[in-house]
Amino acid sequence: REQGIQKIKTLLPEREAGILLGMLLGEKEEINEESYLSFQKTGIVHLFSVSGLHMGFIVWLCSWLFELISFSRNVKFWGTTLIIVLYSTLIGWPIPVRRAAVMAVLALLALHYGEKRKLADTLGLAGVLILAVNPADLFRISFQLSFLATWGIVYLYPSLKKRFDLKGKVADLIMVP
């Protein structure tokens, strides 16, 4: 991790290095205050909080690469799971990453065995596993916001979409945020 951080700082100008470190590793300290305020004002500061969005990119990239190389289903599953664990370890396993990692691995497991992916179940199991390790996490704002935001996407978004009979990609782009 430290070698990678130093390499990025060496190869990129200070501002760009800070932004890249923030997006990849959640290292917000490296982003200058003016840039960070701009990201807050535009509503994209979430990019610097490593969580489900980042995990989704990791899973997508692994799926694409492993498919491109024509690996077997087992290699795809175990390879993607290993990369999820390695990335989560690199980040330091903050609560949103724990939630996203558990949900991603459970979804991959369901896909691997041909089962239907049930987001609500994976969200609940992720919560149970995190709280089994440390029950005090229930009172951390990162736990509450991570699970509340994911609950909104898993439960609230489909309900609102159905209630208002919204269809298409534009509705998705408006409703998910």
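Residues numbered from 1 in each chain as written. Predicted model: local features only at pLDDT ≥ 70, side-chain atom pairs only at ≥ 80, totals over all residues. Heavy atoms only, no water.

**With respect to the pattern of salt bridges**
Keep this limit in mind: Any carboxyl oxygen of Asp or Glu within 4 Å of a side-chain nitrogen of Lys or Arg constitutes a salt bridge here.
The full count for this structure, using the stated rule, is 6 salt bridges. A salt bridge links Lys76 to Glu67, with the shortest nitrogen-to-oxygen separation between them at 2.5 Å. Three or more residues are tied together by salt bridges with common partners; here these are Arg98, Asp137 and Arg140.

**Brief notes about helix H2 (residues 14-25)**
How we decide: In this description a helix means any DSSP run of H or I spanning at least four residues, a strand means any run of E spanning at least two, and both kinds are numbered starting from the N terminus. Helix span, as expected, comes to 1.5 Å for every residue beyond the first. Burial classification: accessible surface area is computed with a 1.4 Å probe over protein chains only, and a residue below 20% of its type maximum counts as buried, one above 50% as exposed, and the rest as partly exposed. Throughout, a contact is declared for two residues whenever any of their heavy atoms are within 4.5 Å.
Under the 1.5 Å per step criterion, the end-to-end length of H2 is 16 Å for 12 residues, consistent within 8% with the ideal 16 Å. For H2, the set of buried residues is Ala17, Gly18, Ile19, Leu21, Gly22 and Leu25. Taken together, the buried residues of H2 touch helix H1 (2-11), helix H3 (33-42) and helix H5 (73-91). At the exit of H2 stands Gly26, carrying a positive phi of roughly 75°.

**Details of the environment of Gln6**
Tracing the chain through its elements places Gln6 in helix H1. Using a relative accessible area of 41% as the deciding quantity, one classes Gln6 as partly exposed. Sequence-wise, Gln6 and Ala17 are 11 residues apart; in three dimensions their C-alpha atoms are separated by 9.6 Å.

**Overview of a nonpolar patch on the surface**
Put simply, the test is: Note that patches include only residues with greater than 30% relative accessible area and no salt bridge, and the join distances are 9 Å for like charges and 5 Å for nonpolar side chains (Val, Leu, Ile, Met, Phe, Trp, Tyr). Where accessible areas are quoted, they stem from the Shrake-Rupley method and a 1.4 Å probe; at the residue level, only the protein chains shown are allowed to cover.
On the surface, a nonpolar cluster with roughly 790 Å² of combined accessible area is contributed by Trp60, Leu61, Trp64, Leu65, Leu68, Ile69, Phe71 and Val75. In terms of residues, the nonpolar patch owes the most to one element, helix H4 (residues 52-68), which gives 5 residues. Within the element layout of this structure, Leu68 appears in helix H4. Given the relative accessible area of 57%, Leu68 is considered exposed.

**Quick notes on the side chain of Thr80**
Its place among the elements puts Thr80 in helix H5. Here Thr80 is in contact with Val59, Cys62, Phe66, Val75 and Leu108, once residues within four sequence places are set aside.

**Overview of the nonpolar core**
Applied cut-off: The term nonpolar core refers to a set of buried residues drawn from Ala, Val, Leu, Ile, Met, Phe, Trp, Tyr and Cys, joined through side-chain atoms within 4.5 Å.
Residues Met55, Ile84, Tyr87 and Ile91 are the most contacted members of the largest nonpolar core, which totals 20 residues. Elements with a contribution of two residues or more to this core: H1, H2, H4, H5 and helix H6 (95-112). In this view, Ile84 contacts Met55, Ile58, Val59, Ala101, Ala104, Val105 and Leu108; residues no more than four positions away in its chain are not counted. In terms of nonpolar packing, the next biggest core, distinct from the first, is built from 8 residues, Ile95, Ala126, Phe143 and Phe147 among them.

**Remarks on the environment of Ser38**
With respect to the helices and strands, the residue Ser38 is situated in helix H3. Spatially, the C-alpha atom of Ser38 lies 23 Å from that of Ala149, the residues being 111 residues apart in sequence.

**Let's talk about the packing of H4 against H5**
Stated precisely, the cut-off is as follows: Axes, fitted as lines to C-alpha atoms, cover a helix only where it is in contact. Angles between the N-to-C directions of the axes lie from 0 to 180 degrees. When the near helix sits turned anticlockwise from the far one by under a right angle, the crossing is termed left-handed; a clockwise turn instead gives a right-handed crossing. Classification used: nonpolar for Ala, Val, Leu, Ile, Met, Phe, Trp, Tyr, Cys and Pro, charged for Asp, Glu, Lys and Arg, polar for all others including Gly.
At a minimum axis separation of 10 Å, H4 and H5 run at an interaxial angle of 145°. When the axes of H4 and H5 are compared, the crossing they make is right-handed. Residues His54, Met55, Ile58, Val59, Cys62, Phe66 and Glu67 of H4 form the contact with H5, whose participating residues are Val75, Lys76, Gly79, Thr80, Ile83, Ile84, Tyr87 and Ser88. Looking at the contact of H4 with H5, its residues break down into 9 nonpolar, 4 polar and 2 charged.

**Re the packing of aromatic side chains**
Any aromatic ring pair is given by two values, namely how distant the centres are and how the planes are angled relative to each other. Selection criterion: Under the pairing criterion, centres of Phe, Tyr and Trp rings, with the six-membered ring standing for Trp, must be within 6.5 Å; the plane angle then separates stacked pairs below 30 degrees from edge-to-face pairs above 60, leaving the rest tilted. Ring-over charges, as used throughout, are those where CZ of Arg or NZ of Lys falls within 6 Å of the ring centre and within 35 degrees of the ring normal.
Scanning the entire structure with this criterion turns up 7 aromatic pairs. Consider the rings of Tyr36 and Phe48, whose centres lie 6.3 Å apart with planes at 35°: the pair is tilted. Taken together, the residues span a long stretch of sequence, with Tyr36 in helix H3 and Phe48 in the loop between H3 and H4 at a distance of 12 residues. Among the residues examined, Phe48 registers a relative accessible area of 1% and is labelled buried. Taking 5.0 Å as the distance between ring centres and 65° as the angle between the ring planes, the aromatic pair formed by Phe39 and Phe48 counts as edge-to-face. Across the pair, Phe48 and Phe39 agree in class, each one buried. Ring pairing ties together the aromatic residues Tyr36, Phe39 and Phe48, which thus form one cluster. Over the aromatic face of Phe164 sits the side chain of Arg163, whose NZ or CZ is 5.9 Å from the ring centroid.

Nothing here speaks to function; it is all geometry.
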